[in-house]
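Summary of the model geometry
What follows is the residue order along each chain.
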Amino acid sequence: MHVRSSVVVLACLAQAHCARVPVPCSGASGCDDGHECLANRCVPLGSEPVAEDSQRLVAEVTEFAVIASEGDFGGALPGVVALGAERTGTLELLLKFDPIWRKGGRVEQAFLLLDALPQSRSASTRVAVDVWRVEHPWSRADVTWMSQPELGYPTARGIASSNGAPLRIEVTDLVKYLREHPDHDYGLALRASAAHATGVSYATGVAGGSAPRIEVYGR
């Protein structure tokens, strides 16, 4: 993976945008005592996902590429992506979004969402998913596994599950970073390593379902 060196990691630990990320979960059993799984992250019991007076905005995807360590999509965008599937090895989604977070107001929370397909329900499957910030310009016409842009901090983590629910990953720190550094907004990269024969399937919006999007809550 093209991620910056350990020197950057050490520097990152001293900065606020590298704060510890919430523990991802796909059900109550994945959280410690006194916590519950809310919006796919472990939070103290009784927590609210967002403040009641928050304003919700949706950032639509403006460019989308799919690359994998095994196989080649040939620049085409598939209608479905199977996260964690053995046949594709490590799968990466490169995503650029309409930067609605620059329009003023304070960003309280932000979530990256992918819609599951109805037919994706199967035996219990869980796949770890990481979200990184893309560090350099890219385009779907040119990007490949061997020529992908470097990835950097902040990061986020989530768990894709075959329960038919959307994949929802909190990316608040990432969105805040992009808001504060608009000249470095080259999008996000979602990565999942091979973990299961079929993986967990999500829509890209090309052949039904909604495209990936970011829900931003603020005041």
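Computed from a predicted model, the values in this text were never measured in an experiment.

What follows covers the overall build of the protein chain. When helices and strands are tallied, the protein chain shows two helices and 12 strands. For the protein chain, buried positions account for 46% of its 219 residues. Contacts in the protein chain between residues at least 24 apart in sequence constitute 76% of all its contacts with a sequence separation of at least 6. Carbon and sulfur atoms make up 49% of the accessible area of the protein chain, which amounts to about 10700 Å² in all.

Here the focus is the sheet that holds strand 7 (residues 126-134). As summarised here, the arrangement of the eight strands in space is 8-7-10-5-3-12-6-9, forming an open sheet in which the pairing is antiparallel. Edge positions in the open sheet fall to strand 8 (151-161) and strand 9 (167-170), since each of these has one partner strand only. If you compare each strand with its neighbour and ignore which way they point, the axes differ by 25° on average. Pairing analysis gives five bridges linking strand 5 (residues 91-97) to strand 10 (residues 188-192), with the strands arranged antiparallel. When the sheet's bridge partners are listed, E92 is paired in strand 10 with R191.

Further remarks concern the nonpolar core. Buried together is how nonpolar side chains tend to be arranged in soluble globular proteins. One finds L83, L93, W101, V171, L190 and I214 to be the most contacted residues of the largest nonpolar core, which totals 37 residues. Among residues more than four places away in sequence, those in contact with W101 are A59, V107, V175, L178, R179, D185, I214 and V216. Counting residues in hydrophobic clusters, the runner-up holds 10 residues, among them V134, V143, L151 and A189.

Another point: the pairing of strand 3 (residues 55-68). In this sheet, strand 12 (residues 213-218) lies alongside strand 3 in antiparallel orientation, the contact comprising six bridges. In the sheet register, V58 faces strand 12, and the bridge partner there is E215. For strand 3 and strand 5, the ladder comprises seven bridges, and the chain directions are antiparallel. Within strand 5, the position partnered with I67 by the bridge is E92.

Let us look at the packing of aromatic side chains. Tallied over the full model, the rule gives two aromatic pairs. The cationic tip of K96 hangs over the ring face of W138; the distance from NZ or CZ to the ring centre is 4.7 Å. Over the ring of F111 we find R168; its NZ or CZ atom is 6.0 Å from the centre of that ring.

So, about the pattern of salt bridges. One pass over the structure, following the stated rule, counts nine salt bridges. Put simply, D185 and R102 hold a salt bridge, and the shortest N to O gap is 3.4 Å. Separated by 83 residues along the polypeptide, D185 in the loop between helix 2 (172-180) and strand 10 and R102 in the loop between strand 5 and strand 6 (107-114) bring together distant segments of the chain. Several salt bridges converge on common partners, so that one network encompasses R56, R168 and E215.

Right, let's talk about the side chain of T88 for a bit. You can see T88 is positioned in the loop between strand 4 (80-83) and strand 5. There is a polar contact of 3.3 Å between the side chain of T88 and the backbone oxygen of A85. Ignoring sequence-local partners within four residues, the contact set of T88 consists of A68, S69, E70, F73 and A82.

Our next topic: the environment of W132. Mapped onto the secondary structure, W132 falls in strand 7. Among the residues examined, W132 registers a relative accessible area of 11% and is labelled buried.

Rules used in this analysis
- Residues numbered from 1 in each chain as written.
- Predicted model: local features only at pLDDT ≥ 70, side-chain atom pairs only at ≥ 80, totals over all residues.
- Heavy atoms only, no water.
- Helix = DSSP H or I, 4+ residues; strand = E, 2+ residues; numbered from the N terminus.
- Buried < 20%, exposed > 50% of the residue type's maximum accessible area, 1.4 Å probe, protein only.
- Contact = heavy atoms within 4.5 Å.
- Areas by Shrake-Rupley, 256 points an atom, 1.4 Å probe, with all protein chains shown as cover.
- Pairing = 2+ DSSP bridges.
- Axes fitted to C-alpha atoms, helices over the stretch in contact; angles between N-to-C directions.
- Core = buried A, V, L, I, M, F, W, Y, C linked by side-chain atoms within 4.5 Å.
- Phe/Tyr/Trp six-rings, centres within 6.5 Å; stacked < 30°, edge-to-face > 60°.
- Lys NZ or Arg CZ within 6 Å of the ring centre and 35° of its normal.
- Salt bridge = Lys/Arg side-chain N within 4 Å of Asp/Glu carboxyl O.
- Polar contact = N/O pair within 3.5 Å; in protein donor to acceptor, adjacent residues only side chain to side chain.

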